Amino acid sequence: MGNNLKDLKVKLRKFARNRDWDKFHSPKNLSMALNVEASELLEIFQWLTEDQSLNLPKDKLNDAREEIGDIFNYTVRIADRLGIDPLEAAFDKIKKNHKKYPVRKSRGSSRKYTEL
Ligand SMILES: [Mg+2]
């Protein structure tokens, strides 16, 4: 098994199927689990300064790596359960964001597109 997105999707499918977890893996439950994992990532940065967040010690960097893995796996799993290609969705979204945030208007600004 390789290490591309399709391989990951299949691996996650098998992981759930072998444990009879498909019954728990509704898009709703998976979305909730994704949110929990995103919060675990957030917790690593809680109370840090901007500078500290950019210079994590090795153990914290590894914790962040693990949470990113969790987040990514849940994202792929939710997409699979909904029949969505997550890479295609991500590329479509960045295309949309190019239109929402034209360089001319958004460069150097943190404003939301509705405020540009
Ligand atoms: Mg986690």
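Treat the numbers as computed from the prediction; the structure is a model and nothing was measured. (Residues numbered from 1 in each chain as written. Predicted model: local features only at pLDDT ≥ 70, side-chain atom pairs only at ≥ 80, totals over all residues. Heavy atoms only, no water.)

> Whenever I open this one, the coordination of the magnesium ion confuses me. Can you help?
Where a metal carries four tetrahedral donors, each ideal angle is 109.5 degrees; where it carries six octahedral donors, the ideal angles are 90 or 180 degrees. Protein-derived coordination of the magnesium ion comes from E37 (OE), E40 (OE), E67 (OE) and D70 (OD), at a distance range of 2.0 to 2.2 Å. Here the donor residues of the magnesium ion share one chain and are spaced in sequence as E-x2-E-x26-E-x2-D. Here E37, found in helix α2 (residues 27-45), pairs with D70, found in helix α4 (residues 58-82); they are 33 residues apart in sequence, far enough to count as distant. Owing to a relative accessible area of 11%, E37 belongs among the buried residues under this scheme. (Donors = N, O, S within 2.8 Å, 3.2 Å for Na, K, Ca; no water. Helix = DSSP H or I, 4+ residues; strand = E, 2+ residues; numbered from the N terminus. Buried < 20%, exposed > 50% of the residue type's maximum accessible area, 1.4 Å probe, protein only.)

> Help me understand the packing of aromatic side chains, please; the structure alone is not making it clear to me.
Here the distance between the centres and the angle between the planes together describe a pair of aromatic rings. Tallying each qualifying case throughout the model produces two aromatic pairs. Centroid distance F15 to W21: 5.7 Å. Interplanar angle 70 degrees. Geometry classified as edge-to-face. Using a relative accessible area of 40% as the deciding quantity, one classes F15 as partly exposed. Take W21: its relative accessible area is 34%, and that puts it in the partly exposed class. Here Y101 and Y113 contribute two aromatic rings whose centre-to-centre distance is 5.9 Å and whose plane-to-plane angle is 80 degrees, an arrangement assigned as edge-to-face. Placement of the pair is Y101 in the loop between α5 (86-100) and α6 (103-106) and Y113 in the segment after α6, with a sequence separation of 12 residues. Judged by its relative accessible area of 29%, Y101 falls in the partly exposed class. Since its relative accessible area comes to 34%, Y113 is described here as partly exposed. The ring of F15 carries the charged tip of R19 above its face, separated from the ring centre by 3.6 Å. (Phe/Tyr/Trp six-rings, centres within 6.5 Å; stacked < 30°, edge-to-face > 60°. Lys NZ or Arg CZ within 6 Å of the ring centre and 35° of its normal.)

> It is not clear to me how the layout of surface pockets should be interpreted in this structure. Could you clarify?
In this approach the atoms are scanned with a rolling probe the size of a water molecule, which exposes any empty space left behind. Counted as a void, the largest pocket has a volume near 240 Å³. Together, K11, L12, F15, W21, H25, G69, D70, N73, Y74 and R77 line the largest pocket. Take the lining of the largest pocket: its biggest share by element is five residues, from α4. Among the residues making up the lining of the largest pocket, the classes are represented as four nonpolar, three polar and three charged. (1 Å grid on protein atoms, 1.4 Å probe; cavity = no way out; pocket = protein on both sides within 12 Å on 5 of 7 lines; lining within 4 Å. Points joined across faces, edges and corners; volume = space filled by probe spheres on them. Nonpolar A, V, L, I, M, F, W, Y, C, P; charged D, E, K, R; others polar.)

> What should I look at first to understand the pattern of salt bridges in this one?
Between side chains of opposite charge, pairing is possible as soon as their charged atoms come close. Counting across every chain of the model gives six salt bridges. Between D80 and R13 there is a salt bridge, with its nearest N and O atoms 2.8 Å apart. Here D80, found in helix α4, pairs with R13, found in helix α1 (residues 5-18); they are 67 residues apart in sequence, far enough to count as distant. Its relative accessible area of 29% is what places R13 among the partly exposed residues. When salt bridges that share partners are traced, they join R13, R17, D22, R77 and D80 into one network. (Salt bridge = Lys/Arg side-chain N within 4 Å of Asp/Glu carboxyl O.)

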